[in-house]
Structures are given as C-alpha cells and as structure tokens.
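Residues per chain, in single letters:
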Amino acid sequence: MAKTDEQTGQAGQTDGQAGQSARAETTLGYEQARDELVEVVRRLEAGGTSLEESLALWERGEELAKVCRHWLEGARARLDAALAEDEAAEAAEGAEEAESAGEG
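For clarity, every value in this text was computed on a predicted model and none was experimentally measured.

To continue, consider the overall build of the chain. Helix and strand counts for the chain stand at three helices and zero strands. Element order for the chain, N to C, with α for helix and β for strand: α-α-α. Taken across its 104 residues, the chain has 12% of its residues classed as buried. Considering only residue pairs separated by 6 or more positions, the chain has 76% of its internal contacts joining residues 24 or more positions apart. By element, 54% of the accessible surface of the chain is carried by carbon and sulfur atoms, the whole surface being about 8,000 Å².

Below you can see the structure in the form of structure tokens.
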C-alpha cells in the first residue's frame with residue numbers, strides 16, 4: 001500500500017512540476033535558470049538517485065534549457081535589431097554625405 005501512496009505522491013509532483021515549469025518560463029531569469037540547470041546536471045552526474053528522481057531531474061533540466069534558450073534567442077534578436085539600426089543610420093549618413101559632396 002505504501003508503494004501506491006508513493007506513486008500517487010510522485011504523480012502529483014509530476015503534475016505540479018508541469019505547472020511549475022510553465023510558470024518558470026515566464027518568471028525565471030536567465031541566470032536563475034542557468035544556475036538551476038547546472039545543479040540539475042550536477043545531481044544527475046553524481047548518480048545515486050532513483051529512476052523516478054532521475055527522470056524528474058531530466059525533465060526539469062529540459063524545461064530549464066528551454067528557458068535559457070528563450071532568453072538567449074531574445075537577447076540575439078535585440079542585438080540584431082540594434083546592429084540593424086546602426087547600419088541603417090550609417091547608410092543614411094553616408095547617403096547624406098554623398099548628396100552634399102555632389103551638390104558642391
């Protein structure tokens with residue numbers, strides 16, 4: 001009977017983790033997600049966990065990796081946009097200088 005209770009508790013944890021991971025994606029910062037991911041990897045590499053615990057850690061690691069990717073993709077998009085703005089401004093300045101030189 002205790003095993004059934006354990007399994008029920010673990011299933012509840014898995015359901016809770018799914019809701020938690022959805023919230024984590026919107027609330028965890030990059031550094032927090034990265035640090036927790038490092039800890040998950042450390043625990044998995046150390047071993048000594050049950051199969052169920054290892055699977056739960058693996059799933060959490062996947063969610064944390066997704067959060068990190070989301071932040072990094074957002075940062076890349078912001079950098080690309082800033083670089084594009086700089087290039088457009090330089091091109092506009094170059095065009096103005098060319099017009100000024102042609103009029104003189």
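Attention shifts here to the pattern of salt bridges. Within this structure, the stated rule accounts for five salt bridges. A salt bridge links R34 to D35, with the shortest nitrogen-to-oxygen separation between them at 3.1 Å. What makes R34 partly exposed here is its relative accessible area of 34%. Two residues, R42 and E39, come together in a salt bridge whose shortest N-O distance is 2.5 Å. Taken together, the residues R42 and E39, both in helix 2 (residues 30-46) and three residues apart, mark about one turn of the helix.

This part takes up a negative patch on the surface. Together, E85, D86, E87, E90, E93, E96, E97 and E99 line one region of the surface with negative charge. Note that E99 resides in helix 3 (residues 51-103). With relative accessibility at 53%, the residue E99 sits in the exposed group.

Here the focus is the environment of L28. Counting through the fold element by element, L28 comes out in the loop between helix 1 (2-27) and helix 2. Among all residues touching L28, those that are not within four sequence positions of it are A33, E36, R60, L64, V67 and W71.

Looking now at the nonpolar core. Core analysis: the biggest nonpolar cluster contains seven residues, these being L28, A33, V40, L57, L64, V67 and C68. Those elements giving two or more residues to this core turn out to be helix 2 and helix 3. Sorting elements by how many residues they give to this core places helix 3 first, with four residues.

The rules behind the values
Residues numbered from 1 in each chain as written. Predicted model: local features only at pLDDT ≥ 70, side-chain atom pairs only at ≥ 80, totals over all residues. Heavy atoms only, no water. Helix = DSSP H or I, 4+ residues; strand = E, 2+ residues; numbered from the N terminus. Buried < 20%, exposed > 50% of the residue type's maximum accessible area, 1.4 Å probe, protein only. Contact = heavy atoms within 4.5 Å. Areas by Shrake-Rupley, 256 points an atom, 1.4 Å probe, with all protein chains shown as cover. Salt bridge = Lys/Arg side-chain N within 4 Å of Asp/Glu carboxyl O. Patch = residues over 30% accessible without salt bridge, like charges linked within 9 Å, V, L, I, M, F, W, Y side chains within 5 Å. Lys, Arg positive; Asp, Glu negative; His and termini not counted. Charge placed at Lys NZ, Arg CZ, Asp CG, Glu CD. Core = buried A, V, L, I, M, F, W, Y, C linked by side-chain atoms within 4.5 Å.

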